[in-house]
Amino acid sequence: MTLAEFHQKHSKSGLDSLGKSQTFKAKVQGFSGEPVLVERLKEMGLHPGLELLALGQAPFGGPLLFRFGNTVLALRQEEAACTLIEIL
Amino acid sequence: MHLDRNSVDHFVALIGAPNSGKTTLYNWLTNSRFKTVNYPGATIEYSLGRLADRYKSESKGQDFPVMDTPGTYSLFAKSADELVTLNAIYNHPLMGPAGKIILVVDGTQLNRHLLMARQLKEAGFSFVMAVTMSDLLRKNQIELDLTVLEKEFGTRAIAIDGLLGGGIQELVKAVAELPWSPPPKALTPWNEKISTEVLQRIEWLSQETSRQARAAGKNLSAVYEKTARLDRFLLHPVFGLVFFFLIMWGLFSSIYWGAAPAMDWVDGIFASGIEWATESNPGLFGDFLGNGVIASFGAVFIFVPQIFILFVGIGLLESSGYLARAATLIDKPFSKVGLSGRSFVPLLSGFACAVPAVMATRNISSSRDRWITNFVIPLMSCSARLPVYSLLLGFLFIGEPAWKAGFGLAVLYIIAALVGATAAAILNKILVKTETSFFMMELPIYRRPQLRVILRQAFVRTKAYVRRAGPPILIFAVLIWMGTTFPNYQAEGPERLQSSYMAQMGQGIEPLFQPMGVDWRVGVGLISAFAAREVFVSSMAVMFNITDESQQEEGLLETMKTATNSEGALIFTPATVVGLLIFFMIALQCMSTVAIQMKENKSKHFALIQLVVFNVVAYGLAVALVQGLRALGVA
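How each quantity is defined
Residues numbered from 1 in each chain as written. Chains lettered and ligands numbered in written order. Predicted model: local features only at pLDDT ≥ 70, side-chain atom pairs only at ≥ 80, totals over all residues. Helix = DSSP H or I, 4+ residues; strand = E, 2+ residues; numbered from the N terminus. Rg over C-alpha atoms; globule rule 2.2 N^0.38 Å. Buried ≥ 20, exposed ≤ 12 C-beta atoms within 10 Å, placed from the backbone. Contact = placed C-beta atoms within 7 Å. pLDDT = per-residue confidence, 0-100. Nonpolar A, V, L, I, M, F, W, Y, C, P; charged D, E, K, R; others polar. Pairing = 2+ DSSP bridges. Axes fitted to C-alpha atoms, helices over the stretch in contact; angles between N-to-C directions. Parallel < 35°, antiparallel > 145°, perpendicular 65-115°, else oblique. Left-handed = near helix turned anticlockwise from the far one by under 90°. Core = buried A, V, L, I, M, F, W, Y, C linked by C-beta atoms within 7 Å.

**Some remarks on the overall build of chain B**
Next up, step 1: The helix and strand inventory of chain B stands at 30 helices and 8 strands.
Next up, step 2: Relative to a compact globule of 635 residues, whose C-alpha radius of gyration would be 26 Å, chain B shows 28 Å and is just as compact.
Next up, step 3: Each of the three principal axes of chain B carries a C-alpha extent, and together these read 90 × 55 × 40 Å.
Next up, step 4: Out of the 635 residues belonging to chain B, those deemed buried represent 46%.
Next up, step 5: Taking the intrachain contacts of chain B between residues at least 6 apart in sequence as the baseline, contacts between residues at least 24 apart amount to 71%.

Here it is in structure tokens:
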């Protein structure tokens, strides 16, 4: 499952889910897609084994929001789709 | 400060990720004395300053230029813009390679920011690490074990307090003791195996560094909880958008209305300057000095309040952490036309004035997005169009309730925005995509902005505007003065303009204006509007012999009702006035915009293409509309 799919599945309720976000946990397994995007995702701090929370989505079907450690990251759908995850 | 290679052997460069606290550190190091320069041949902007005198004892008297670079995540460039940043430290065309590097890492984001330390080491740069946010960490009783980092990278790592300047002296000392580095090696891209190893090592390092902090870690997460709570509101699909529009309305109001008193003040100063010059030197010289030279300087400085206020506003939004949220909130609609949420602030500013708006595009990180945004900015209905709209709408709805003209104005603004969106979509289709564009943005914690740093940045950028855009605006303004003054410069009153080169030119190209349904006098108004759009109203008054200045608009409206062309037909009819409105909406008739585009894009071609395209399209549409309306029976 990609990060984008994971997000779709778990945060339909938009940012309201932020409060309950602890339940939407995932673990990064790997990457696939355009090499440039993958490299930048790694530089932004994503790496296999990393656990992250889905926070919600910006209005109009905009970027998806994730949190890991002290970082909140906004990714467009196609960017999130480059990250493969396993649901915890 | 000289920039040629001979006078500068070595310089110290600051690099670091966006939001790492780089700019704040830079302000400390240079005591806020720096200027912004462009990378030769590119629109990438970086700051260049010298080490502040107060640190001279720590630097053992050494004096060196310090460069601040745009935030970057990696030494592997992902875009043309990032490549320029890297070139600036690898081998700057004027200054050579950076001799020493200060890597700025956020102490709360070690797991992400240490990647660049690894890359710098591999490339053979001589560097020290400045670990920022130590004020935040200390406030929450978290102590980082920086010796872990020092051992790993074989260099000093120093905690910096951006708020009070703690650690800066130690940092300068460490920089001074650092040897100047040999020419750096280009990095060979990491394969999957290496990159995984590096990422794991960095994760381990950041945990080791903050290990002792574990017990207190709960405190720091309170800071992030606060940000998360705010985000729950500020990124909310409904409240978030409401707040977004309130903030943007505030920013827009401050450049639209907030700047007005200061602009009136600037205007007043130059007006009395012109009066003094023309009265104390009667004749052509006084006229040249006043209406030529002093008025031209006025044309440059009139934009200073707006530019300064806009950059203070952007600085506040950026350093508080809100700008990243704003870009995220509005990203989707903009991505439909190939732009990103980062284009919002510049485009919004365009509704006040294109000149500061073009300067605000510097905050857009992708050069393609910046190009498209710059191109469509002049389509946003700027404030200089208002007097023209007011005159023309006043004519269309003469003697009718005021709300009709108000409604017409709203429609004009909406059409302008739609035309801008269409233009951006077209450009997005025809421009070749040379690189993958990405949005990927980290949302930093909310922090109290440091006003001193923001004011300084705004000041430096405003100064850069005067220096760069000033000269071309001056030249254009003097040319327009000459065109409207000669050859009949001794004539008094309206006669001078009516018999000027500009008027002759208007008469010469009258056939061009006929399809728009207007005569050469309106043509002269259109040409003279190139000085500034609102000049259209006053030149129309001159061309149509309205002498009572206090009743200019009313008098003009009366005259327009009955004005006829050489064949006795009415010039101003609903059809021609609508044509003029459309023309003003699209045409690029503003020398200051052309000048700033020339300077900001480092390209005369860009400004020239924009000038031709916008005016040809505006003309074509206006003609089509006038002829179409007439064919439909609208006079």
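**Brief notes about the confidence of the model for chain B**
Residue and element names in this part refer to chain B.
Next up, step 1: Summarising the model, chain B shows a mean pLDDT of 86, and 96% of its residues fall at 70 or more.
Next up, step 2: Residue range residues 1-7 is modelled with pLDDT below 50. Its contacts to residues more than four positions away, or to other chains, number 11 contacts.
Next up, step 3: For this predicted complex, the interface confidence score (ipTM) comes to 0.86, while the overall pTM stands at 0.83.

**A short note on the interface of chain A and chain B**
Next up, step 1: On the side of chain B, 33 residues touch chain A, which itself brings 31 residues to the contact.
Next up, step 2: Classifying every residue of the side of chain A that touches chain B by side-chain character gives 15 nonpolar, 9 polar and 7 charged.

**Observations regarding the sheet that holds strand E2 (residues 34-38) of chain B**
All names here are of chain B.
Next up, step 1: Strand order in the open sheet made by the 7 strands is E2-E3-E4-E1-E5-E6-E7, with mixed pairing throughout. Only two strands of the sheet have a single neighbouring strand rather than two, namely E2 and strand E7 (157-159). Strand-to-strand twist of the sheet, defined as the mean angle between neighbouring strand axes without regard to direction, takes the value 25°.
Next up, step 2: Of the pairings in the sheet, the one linking strand E6 (residues 127-132) to E7 comprises 3 bridges and is parallel in character. Considered in E7, the bridge of Val131 is made with Ala159.
Next up, step 3: Against the sheet, helix H6 (residues 146-153) contacts E6 and E7, and its axis sits at roughly 155° relative to E7.

**Focus: the packing of helix H21 (residues 451-485) of chain B against helix H29 (residues 591-600) of chain B**
Residues and elements named next belong to chain B.
Next up, step 1: At a minimum axis distance of 9 Å, the contact between H21 and H29 shows a crossing angle of 140°. The angle between H21 and H29 places the two elements in the oblique class. Judged by the sense of rotation from one axis to the other, the crossing of H21 with H29 is right-handed. Of H29, the residues touching H21 (which contributes Arg468, Ala469, Pro472, Ile473, Phe476 and Ala477) are Met591, Ser592, Ala595, Ile596, Met598 and Lys599.
Next up, step 2: When the residues that make up the contact of H21 with H29 are grouped by side-chain class, the tally is 9 nonpolar, 1 polar and 2 charged.

**Some points on the packing of helix H19 (residues 386-396) of chain B against helix H28 (residues 574-586) of chain B**
All names here are of chain B.
Next up, step 1: Two numbers describe how H19 lies on H28: the axes approach to 10 Å, and their chain directions differ by 160°. Comparing their axes, H28 and H19 come out roughly antiparallel. Between H19 and H28 the crossing geometry is left-handed. On H28, the residues that touch Val388, Tyr389, Leu392, Phe395 and Leu396 of H19 are Pro574, Val577, Leu580, Leu581 and Phe584.
Next up, step 2: Per-class residue counts for the contact of H19 with H28 are 10 nonpolar, no polar and no charged.

**Focus: H29(B)**
All names here are of chain B.
Next up, step 1: The element H29 is extensively covered by neighbouring structure, given that 10 of its 10 residues are classed as buried.
Next up, step 2: Along H29, the residues classified as buried are Met591, Ser592, Thr593, Val594, Ala595, Ile596, Gln597, Met598, Lys599 and Glu600.
Next up, step 3: Against helix H12 (284-301), helix H17 (354-360), helix H18 (367-376), H21 and helix H30 (604-631) lie the buried residues of H29.

**A short note on the environment of Ile15(B)**
All names here are of chain B.
Next up, step 1: Structurally, Ile15 can be placed in strand E1 (residues 12-16).
Next up, step 2: On a C-alpha basis, the gap between Ile15 and Met129 in space is 9.9 Å, while along the polypeptide they are 114 residues apart.
Next up, step 3: Excluding its chain neighbours within four sequence positions, the residues that come into contact with Ile15 are Thr69, Thr72, Ile89, Ile101, Leu103 and Met116.

**Considering the nonpolar core**
Next up, step 1: Formed by 149 residues in total, the largest nonpolar core has its most connected members in Phe66(A), Ala326(B), Leu392(B), Leu581(B), Phe583(B) and Ala622(B).
Next up, step 2: The leading source of residues in this core is H28(B), at 10 residues.
Next up, step 3: Core analysis: the next-biggest nonpolar cluster, separate from the first, contains 57 residues, Ile15(B), Met95(B), Phe125(B) and Ile168(B) among them.

**Some remarks on the sheet that holds strand E2 (residues 51-57) of chain A**
Next up, step 1: Strand order in this open sheet of 6 strands is E5(A)-E1(A)-E2(A)-E3(A)-E4(A)-E8(B), and the pairing throughout is antiparallel. Two strands bound the open sheet, and with one partner strand each, they are strand E5 (83-87) of chain A together with strand E8 (441-442) of chain B.
Next up, step 2: Note that strand E1 (residues 25-31) of chain A and E5(A) share 5 bridges and pair antiparallel. Bridging from a neighbouring strand, Phe31(A) pairs with Thr83(A) of E5(A).

**Description of the environment of Leu317(B)**
All names here are of chain B.
Next up, step 1: Positionally, Leu317 belongs in helix H13 (residues 304-320).
Next up, step 2: By C-beta crowding, Leu317 is classed as buried, having 22 other C-beta atoms within 10 Å.
Next up, step 3: Through-space distance from the C-alpha of Leu317 to that of Ala402 is 37 Å; in sequence the pair is 85 residues apart.
Next up, step 4: Those residues within four positions of Leu317 in sequence are excluded, and the remaining contacts are Tyr322, Leu323 and Ala326.

**Some points on the pairing of E1(A)**
On a regular strand, one side chain projects to one face of the sheet and the next to the other, so that they alternate.
Next up, step 1: As defined by bridge partners, E1(A) adjoins E2(A) across 3 bridges and the pair is classed as antiparallel. What sits directly across from Lys25(A), in E2(A), is Leu53(A).

**Considering helix H26 (residues 535-543) of chain B**
Residue and element names in this part refer to chain B.
Next up, step 1: Here H26 lies mainly inside the structure; 7 of its 9 residues are buried.
Next up, step 2: Of all the positions in H26, only Val535, Phe536, Ser539, Met540, Ala541, Val542 and Met543 are classed as buried.
Next up, step 3: In this fold, the buried residues of H26 make contact with H19, helix H22 (494-498), helix H25 (520-528) and helix H27 (552-562).
Next up, step 4: Positive backbone phi, approximately 60°, marks Asn545, located one or two places after H26.

**Some thoughts on unusual backbone geometry**
Residues and elements named next belong to chain B.
Next up, step 1: Cis geometry marks the peptide bond from Phe486 to Pro487, where omega comes out at 0°.
Next up, step 2: Tracing the backbone through its elements, the reader meets Pro487 in the loop between H21 and H22.
Next up, step 3: Its identity as a non-glycine residue notwithstanding, Asn31 has a phi of 55°, on the positive side.
Next up, step 4: With respect to the helices and strands, Asn31 occurs in the loop between helix H1 (22-30) and E2.
Next up, step 5: On the basis of neighbour count, Asn31 is assigned to the partly exposed category, with 15 C-beta atoms found within 10 Å.
Next up, step 6: Notably, Met133 is not glycine yet its phi reads approximately 70°, a positive angle.
Next up, step 7: Within the secondary structure, Met133 sits in the loop between E6 and helix H5 (134-139).

**A look at the environment of Ala157(B)**
Next up, step 1: Here Ala157(B) shows up in strand E7.
Next up, step 2: Taking the C-alpha atoms as reference, Ala157(B) lies 9.9 Å from Glu170(B); in sequence the two are 13 residues apart.

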